[in-house]
Amino acid sequence: MKIVNAQAIPIRIALKHPFTIALGTLTHSNHVLVRMVDDEDRVGWGECTTFHSVYGYDQKSLYNVLTDYLIPAVKGLDPRNMADLHHRMDQAITFNLMAKCGIDLAAYDLVGKADGVPIHHLVGGKRVDCIPVTAAVGIGSIMETAAMAEERVAEGFDVIKIKIGLDPQGDLERVKAVREAVGDGIRLRVDGNQGYDRETALQVFTRMESLALEWIEQPLPDWDLEGLAILADRLETPIAVDESVYTPYDAHRVITAGAADVVNIKVPKCGGIYRSQKIAALCEEAGIPCFLGGCLETTPGTAAQAHFYTSTQNIISAAEMEGPWCYVDDVVRDPMDMRKGTVKIPEGPGMGVVIDEEKVARYRVDF
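Keep in mind that what you see is a predicted model, and the values were worked out from it rather than measured.

K.L.:
Where do I start with the overall build of the protein in this structure?
P.N.:
Regarding its fold elements, the protein presents 13 helices and 15 strands. Its C-alpha radius of gyration of 20 Å places the protein within 12% of the 21 Å reference for a compact globule of 367 residues. By its C-alpha atoms, the protein is 60 × 40 × 40 Å across when sized along the principal axes. Counting all 367 residues of the protein, 58% fall into the buried class. Taking contacts inside the protein between residues at least 6 apart in sequence as the whole, the part at least 24 apart equals 74%. As displayed, the protein offers around 14,400 Å² of accessible surface, 49% of which is attributable to carbon and sulfur atoms. Each charge sign in the protein was given a centre, from 36 positive and 53 negative side chains, and these centres are 4 Å apart.

Structure follows, in structure tokens:
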């Protein structure tokens, strides 16, 4: 089995509502699909995405890296040999993990289709049939934030993630308003997206302790492991890291520094399923649980998230995988099944979803 061809396809689909975090606002997808073909004309699909103000490169950069470096590097390789695939990509260009994710997922989809099995069968099996999903609430006014959280709870979600990091006092008031609106039976997380300094974070989150948060995610800059360790030591609420961990080496540094109680693994950010499972395994050895974060994926990326979640032992709690339901449309024939805040694991070959190539053509953008 060999990869004989692949193509990077940028797509742009509008969000139903703009999504604002401490580092910027998204209005459309920044995704690039990867269409990979093997020597028997089977087709595998992958998806990668970015948010330039968070990750440092944009959709055009993803497309260029895939087209100029990664796709040429993997042609002729056996997609079953994932270690070799990633080694060749790393030889072709360093970093650029989000672009490498597109190749990783397309290869897994291709192998699953060749073998007639879902991806989770290839990477560890299925430990759950359904995944609880987190509903994210972006930065807005106090009333808007509370109302949005109430709406999401009414839809069946029982874990809410509140974006913070632009206004410390306003953040405190917004989170309090959400807790009052949804009651004590709903789990709340907050995500600062690196928006705080040490002193402000300690002041604000000491006051948030009474709100019974599941955890506080990435309150400080990604490089400030010492500051994160101070917060982890002084606060009762667990500290989660996201932007501080892209690779197993990052995870090792975080663990050594005592900078996190829990680690957010995002499949695109970490370079695909293969690399993400290595991070989860390293954290498990250290007794640090992980949770599945999201990058507002469309359905192909969300299906990959589902396979990663169900096949990886050290992934806890609700997953951030509501991306497909945030867009006005998608690129698949049939959407995944979301009911009362849970998503079923796809069971078809590969990703378990069927790409609608007419929709791909409709939403394609050219550079």
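Further notes follow.
K.L.:
Where do I start with the pairing of strand β9 (residues 187-191) in this structure?
P.N.:
Within a regular strand, side chains alternate between the sheet's two faces. Burial within β9 is extensive, with 4 of its 5 residues counted as buried. In this sheet, β9 lies alongside strand β8 (residues 159-163) in parallel orientation, the contact comprising 5 bridges. Across the sheet, isoleucine 162 pairs through a bridge with valine 190, a residue of β9. Taken together, β8, helix α7 (residues 168-182) and β9 constitute a β-α-β crossover, and its handedness is right-handed.

K.L.:
Can you help me understand the sheet that holds strand β6 (residues 130-132) in this one?
P.N.:
Backbone-to-backbone hydrogen bonds join strands into a sheet, with any given pair of strands oriented parallel or antiparallel. Strand order in the open sheet made by the 3 strands is β6-β15-β14, with antiparallel pairing throughout. Looking at which strands have only one partner, the edges of the open sheet turn out to be β6 and β14 (338-339). With 3 bridges joining them, β6 and strand β15 (residues 342-344) adopt antiparallel strand pairing. Its bridge partner lying in β15, proline 132 is registered against threonine 342.

K.L.:
Just to check I follow, could you spell out the packing of helix α11 (residues 273-285) against helix α12 (residues 299-311) for this structure?
P.N.:
The relative placement of two packed helices is expressed as an angle between their axes plus a distance between the axes. Remark: α11 packs on α12, axes separated minimally by 11 Å, with the N-to-C direction vectors making an angle of 30 degrees. As far as their axial angle goes, α12 and α11 are roughly parallel. For the pair α11 and α12, the sense of crossing is right-handed. Residues Ile273, Ser276 and Gln277 of α11 form the contact with α12, whose participating residues are Ala304, Phe308 and Ser311. Within the contact of α11 with α12, the residues separate by chemical class into 3 nonpolar, 3 polar and no charged.

K.L.:
What am I meant to see in the nonpolar core here?
P.N.:
Taken as a class, soluble globular proteins show a tendency for nonpolar side chains to be buried jointly. Formed by 115 residues in total, the largest nonpolar core has its most connected members in Leu66, Ile103, Ile160, Phe205, Met208, Ile265 and Ile273. Of the residues forming this core, the biggest block, 9 residues, is contributed by helix α4 (residues 97-115). Setting aside chain neighbours within four positions, we find isoleucine 273 in contact with Asp104, Leu105, Tyr108, Ile119, Val123, Val267, Ala304 and Phe308.

K.L.:
Could you clarify how one ought to interpret the environment of leucine 97 in this entry?
P.N.:
Along the chain, leucine 97 turns up in helix α4. With a relative accessible area of 10%, leucine 97 lands in the buried category. Separated by 175 residues in sequence, leucine 97 and glycine 272 place their C-alpha atoms 7.8 Å apart.

K.L.:
Sorry, what's going on with unusual backbone geometry here?
P.N.:
A negative phi holds for most residues other than glycine; trans holds for most peptide bonds. One non-glycine residue with positive phi stands out, namely glutamine 194, at about 70 degrees. For glutamine 194, the position within the fold is in the loop between β9 and α8 (198-208). Taking relative accessible area as the criterion, glutamine 194 reaches 19% and is therefore assigned buried.

K.L.:
Hey, could you run me through α11 in this one?
P.N.:
In an α-helix, one turn spans 3.6 residues; hence positions three or four apart end up facing the same way. Taking 1.5 Å as the rise per residue, α11 with 13 residues should run 18 Å; its terminal C-alpha atoms sit 18 Å apart, in good agreement. Buried residues of α11: Ile273, Arg275, Ser276, Gln277, Ile279, Ala280 and Cys283, and no others. After α11 finishes, the residue glycine 287 shows a positive phi value of roughly 75 degrees.

Calculation notes
- Residues numbered from 1 in each chain as written.
- Predicted model: local features only at pLDDT ≥ 70, side-chain atom pairs only at ≥ 80, totals over all residues.
- Heavy atoms only, no water.
- Helix = DSSP H or I, 4+ residues; strand = E, 2+ residues; numbered from the N terminus.
- Rg over C-alpha atoms; globule rule 2.2 N^0.38 Å.
- Buried < 20%, exposed > 50% of the residue type's maximum accessible area, 1.4 Å probe, protein only.
- Contact = heavy atoms within 4.5 Å.
- Areas by Shrake-Rupley, 256 points an atom, 1.4 Å probe, with all protein chains shown as cover.
- Lys, Arg positive; Asp, Glu negative; His and termini not counted.
- Charge placed at Lys NZ, Arg CZ, Asp CG, Glu CD.
- Pairing = 2+ DSSP bridges.
- Right-handed = clockwise from strand over helix to strand, strands pointing away.
- Axes fitted to C-alpha atoms, helices over the stretch in contact; angles between N-to-C directions.
- Parallel < 35°, antiparallel > 145°, perpendicular 65-115°, else oblique.
- Left-handed = near helix turned anticlockwise from the far one by under 90°.
- Nonpolar A, V, L, I, M, F, W, Y, C, P; charged D, E, K, R; others polar.
- Core = buried A, V, L, I, M, F, W, Y, C linked by side-chain atoms within 4.5 Å.
- Expected span 1.5 Å × (residues − 1).

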